[in-house]
Amino acid sequence: MSQPCVLRARGLTQRYPGVLALDGVDLCLRAGEVHALMGQNGAGKSTLVRIITGASRPTAGVLELDGRRLQPESPAEARRMGISAVFQEVNLCPNLTVAENIMAGSYPRRGWHRGGGIDWSGLERSARTALDTLHLDIDPRRQLAHYSVAVQQMVAVARAIQVPARVLVLDEPTSSLDDEEVRQCFAVLRRLRESGLAILFITHFLEQVYELADRITVLRNGRQVGEFPAAELGRDALIAAMIGTDTRLAEVQQRRGAAAAAGSEATEPLLRARALGRRGRVHPVDVDVLAGEVLGVAGLLGAGRTELARMLAGLDQPDSGSITMGRAEVRFASPAKAIAHGVAYCPEERKTDGIVAELSVRENIVLALQARTGLWPRHGQRQQAALAMRFVTTLGIRCASVETPAGQLSGGNQQKLILARWLAIQPLLLILDEPTRGVDIAAKAELMNELTRLADAGMAIVFISAEIDEVVRVAGRILVMCDQRKVGELQGRCAVQDVFHMMAGRA
Amino acid sequence: MSGAASRRWRTGSQPLLWPALALAALLAINALFDHGFLVISWRAGHLSGSLVDVLNRAAPLALVASGMTLVIALRGIDISVGAVLAIAATVAALVINGSSAAAATGGGPHLAVALSAALAAAALCGLWNGLLVVGAGLQPIVATLVLMVAGRGAAQLLAGGQIITIYNASYADLGNGFLLGVPIAVVVAAAIVLLLAVTLRCTALDLFIRAIGCNPAAARNAGIRAGLITMSCYVFCALCAGCAGVLVSANVRSADASHAGELIELDAILAVTLGGTSLAGGHYSLAGTLIGALIIQTMTAMIYTLGVPPETNLVVKAAVVIAVMLLQSPHVRRGLRRLATRHVLGEGA
């Protein structure tokens, strides 16, 4: 249109063994525009970002920066050429100061006549300039760990634009930020846009796309669906473009009624926790979980929801209170003990606490089942493969084969993989901590449908999420947490505002 | 060759290929300089020849390295194996000598008691290492450093600062005798390694070890009793060192608390890495470790065949190790291949 492309990609194709991750994708990033890249998990967003930032080389296709052919061999080289990136997980060193982080790799040197070495005051000055560009009022001499994740994310942006950047790639920069922090982040991004930077913005939050983006490129299964001006593409059209079919969220809504009904007739809770607490983490909490219900746990980041789940699953030890299952009091000294009682936990950090990236899909799925069986007898190779195939099919896990290392799967598929691991042992109680984080909307709907099906079949499910609308949608009963306390319980079908209201009552 | 197999070849994902090639090359060099090297004959009721000698001498190292493989696969390391070897040798020597004296006066324990005592001492050492690593959460290299230093001291104390000579003939047979013509040391080492291989293959131990080695937190969360398994592997590693201690002391008919198994921890780690096991944990190969142990012993044999002056032994050994290690590095291999293609193209032009 009006502006010429700063960065242009033509026919980018990336072929991995067994998977065509990217198939002839074009992209045009213009100066002074925010360009959103949308798509489901496995659509090829990460692959595209890896190519643009020099982390991998495409099988075919070309990149052009200002009309000149570009072949970055490494992220460092891409950065020198003017393509900077900020990723979902903050890739900085928390033990260094803000200034050191911003300038890492390009510390200014003192001349030899002044003794050589690092020019610390110059370092601080340059860092301060970068921070001033972003209107960030923080002390560059303080340790990075001193600041919140949001500020750390901004420091990562400051680091990205500290070199003369033409293009800034933001890969889910807001996924660990709360609303206020997102607002701060967007204010900074708008200023950067005005300064003429071309920004590629990747997120799963639809509202954020419409708030910030000028243009949207949608990918699906490695192919480009199209490039649209954000103003002309409605939400429904965007979702339809991403998924290819209609969303199935409405279906989730209907099924929840059945799940709630199953929960109401149960008398004896499956698991009863009384005054369960851990100093400095969670104030004593009472929780009842009934068989066949989805219990939602709603709370913001740091509300104590993950900490509660970790105690229920034996990952952390409570220092007060008790857990009763059936009629007997139980103590989960380790996850293995909890699993022996039929309690399974999908952790929040699936990369570090969930999947074993180097093991195959098959081995990851069979892991918990085999762990419960013990060392012997070993589940036979053929039996393992059959089990894995069954879950790959029923949960729709996208992988080249069941022997693919789990680390090669996209985020949503890894989430399904952990779900498969637990379904294989048929737990009585399944605790899911942020199962939809980093998962696109269609996979979310599938996942929630799967959960309601499981609850209908009699499994108790604890669904923990910061996405209040998801909790309200899927849960029959909601436990609301705030500031490491339980602030109340709500019935399902309540409005999102009710949950907010209950949280606010405490805050 | 099928397409898949050739792809594996090119990407170098056949982990045993390079160690095996290195071993073959070393054997070939030996055979070149000593024409009788590969000849195995039947002499005085048993197998004899340089290869049998290499196997016999490699047996204790292969044992120690096998135990080390499991520990390294679990992201650990055990540098106390040399000290444990010395402790086991000393305990066995003390008991067997004491019991020989008792046997002379009638009654008293025999060989089995000495072996049990040695292995029990080794198992205790392993338990100690495991407790420090799993229970106290020390870094493995620090935790086992404690026993590496203190263990040898304990062995010296037990031995009263003396080299204990062993007079029991049946004990000495363990290190010098033959079973069906094969050196007993080789039989013992082979039996233990075979037992380990079968355990890994027929139980879920292999899966658990790789899961823990790759991602300890995830493995624990999946319900694997990571602490118990890690502890057991340290005990097994120490037991292997204990067996090696018995073989070594039986071979020389004496237990030298100060020098038995000296620096064997480094040779064992070397054997493990030569075999393609990653020190970062998770990926391991027992067969590779055996090849690694054989490489080290063949190298020592080669130094003697070539008649390298003793003072240059270590330099030659170092050169060979560096060469083998570099050959295993994907970076270097890629570089070499690029160099080779360029050379070919250059000649063509």
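Keep in mind it's a predicted model, so treat the numbers as computed, not measured.

This part is about the sheet that holds strand 12 (residues 282–289) of chain A. As a general point, the strands of a sheet are linked pairwise by backbone hydrogen bonds and lie either parallel or antiparallel. All names here are of chain A. A sheet is described by the order of its strands in space; here 4 strands give the open sequence 12-11-14-15, paired in antiparallel fashion. Each having just a single partner strand, strand 12 and strand 15 (328–330) make up the two edges of the open sheet. Across the sheet, the mean angle separating the axes of adjacent strands is 25° when strand polarity is ignored. Sheet analysis places strand 11 (residues 271–278) next to strand 14 (residues 320–325), joined by 5 bridges and oriented antiparallel. Within the sheet, the bridge partner assigned to R274 lies in strand 14 and is S322. Running at roughly 120° to strand 11, helix 10 (residues 305–312) makes contact with strand 11 and strand 12 of the sheet.

Contact residues are listed per partner, giving 19 residues for chain B and 24 residues for chain A. By residue class, the composition of the side of chain B that touches chain A is 11 nonpolar, 5 polar and 3 charged.

Attention shifts here to the packing of helix 4 (residues 120–133) of chain A against helix 5 (residues 149–162) of chain A. All names here are of chain A. Axis separation between helix 4 and helix 5 bottoms out at 9 Å; the angle between their running directions is 110°. Judged by the angle between their axes, helix 4 and helix 5 are roughly perpendicular. Taken together, the residues of helix 5 that come into contact with helix 4 (itself represented by A130, L131 and T133) are A158, I161 and Q162. Looking at side-chain class alone, the contact of helix 4 with helix 5 contains 4 nonpolar, 2 polar and no charged residues.

All names here are of chain A. W376 connects to P377 through a cis peptide bond whose omega is 0°. Mapped onto the fold, P377 is located in the loop between helix 13 (361–373) and helix 14 (381–394). With phi around 55°, D66 is a residue other than glycine that occupies positive phi space. Mapped onto the secondary structure, D66 falls in the loop between strand 4 (60–65) and strand 5 (68–70). Residue classification places D66 among the partly exposed positions, given that 14 C-beta atoms sit within 10 Å. Residue N221 is not a glycine yet carries a positive backbone phi of 50°.

All names here are of chain A. Strand direction decides the pairing type here: strand 11 and strand 12, joined by 5 bridges, are antiparallel. In the sheet register, R272 faces strand 12, and the bridge partner there is D288. A loop of 3 residues connects strand 11 with strand 12, the two strands running antiparallel in sequence, and G280 in this loop sits at a positive phi of about 80°.

On to the environment of L38 of chain B, then. Residue and element names in this part refer to chain B. Assignment of secondary structure puts L38 in the loop between helix 2 (17–33) and strand 1 (41–43). Between the C-alpha atoms of L38 and L27, which are 11 residues apart in sequence, the distance is 8.1 Å. In contact with L38, other than residues within four places in its own chain, are A31 and L51.

I461 and F463 of chain A together with A88 and A92 of chain B are the most contacted members of the largest nonpolar core, which has 197 residues in total. Examining the composition of this core, we find that 16 residues originate from one element, helix 11 (residues 226–252) of chain B, more than from any other. Two domains each put at least three residues into this core: domain 2 (249–342 + 427–506) and domain 3 (356–426) of chain A. Excluding its chain neighbours within four sequence positions, the residues that come into contact with F463 of chain A are V294, L295, G296, V297, L432, L451, V471, V474 and A475 of chain A.

A few words on the sheet that holds strand 16 (residues 343–346) of chain A. All names here are of chain A. Spatial strand order, 16-17-18-13-19-20: 6 strands in an open sheet with mixed pairing. The sheet terminates laterally at strand 16 and strand 20 (485–491), the two strands that pair on one side only. This sheet shows a mean twist of 20° between the axes of neighbouring strands, independent of strand direction. Where strand 17 (residues 429–433) lies against strand 18 (residues 460–465), 5 bridges are found, and the strand directions are parallel. In the strand pairing of strand 18, L432 is matched with F463. The strands touched by helix 16 (residues 441–456) within the sheet are strand 13 (294–298) and strand 18, with strand 18 carrying the most contacts at an inclination of about 150°.

For an α-helix, 3.6 residues make a turn, and residues three or four places apart therefore share a direction. Residue and element names in this part refer to chain A. Among the 8 residues that make up helix 10, 8 are buried, leaving the element largely enclosed by the rest of the structure. Inspection of helix 10 places R305, T306, E307, L308, A309, R310, M311 and L312 among the buried residues, and these make up the whole buried set. A positive backbone phi angle near 85° is found at G314, which sits one or two residues after helix 10.

Moving on: the packing of helix 8 (residues 184–202) of chain B against helix 11 of chain B. All names here are of chain B. Orientation of helix 8 relative to helix 11, taken along the N-to-C sense of each, is 175°, at an axis distance of 11 Å. Here helix 8 lies roughly antiparallel to helix 11, going by the angle between them. Contacts between helix 8 and helix 11 involve A185, V188 and I192 from the former and C240, C243, L247 and N251 from the latter. Each residue belonging to the contact of helix 8 with helix 11 can be placed in one class, and the counts come to 6 nonpolar, 1 polar and no charged.

Definitions and limits used
- Residues numbered from 1 in each chain as written.
- Chains lettered and ligands numbered in written order.
- Predicted model: local features only at pLDDT ≥ 70, side-chain atom pairs only at ≥ 80, totals over all residues.
- Pairing = 2+ DSSP bridges.
- Helix = DSSP H or I, 4+ residues; strand = E, 2+ residues; numbered from the N terminus.
- Axes fitted to C-alpha atoms, helices over the stretch in contact; angles between N-to-C directions.
- Contact = placed C-beta atoms within 7 Å.
- Nonpolar A, V, L, I, M, F, W, Y, C, P; charged D, E, K, R; others polar.
- Parallel < 35°, antiparallel > 145°, perpendicular 65-115°, else oblique.
- Buried ≥ 20, exposed ≤ 12 C-beta atoms within 10 Å, placed from the backbone.
- Core = buried A, V, L, I, M, F, W, Y, C linked by C-beta atoms within 7 Å.
- Domains from an automatic or database assignment.

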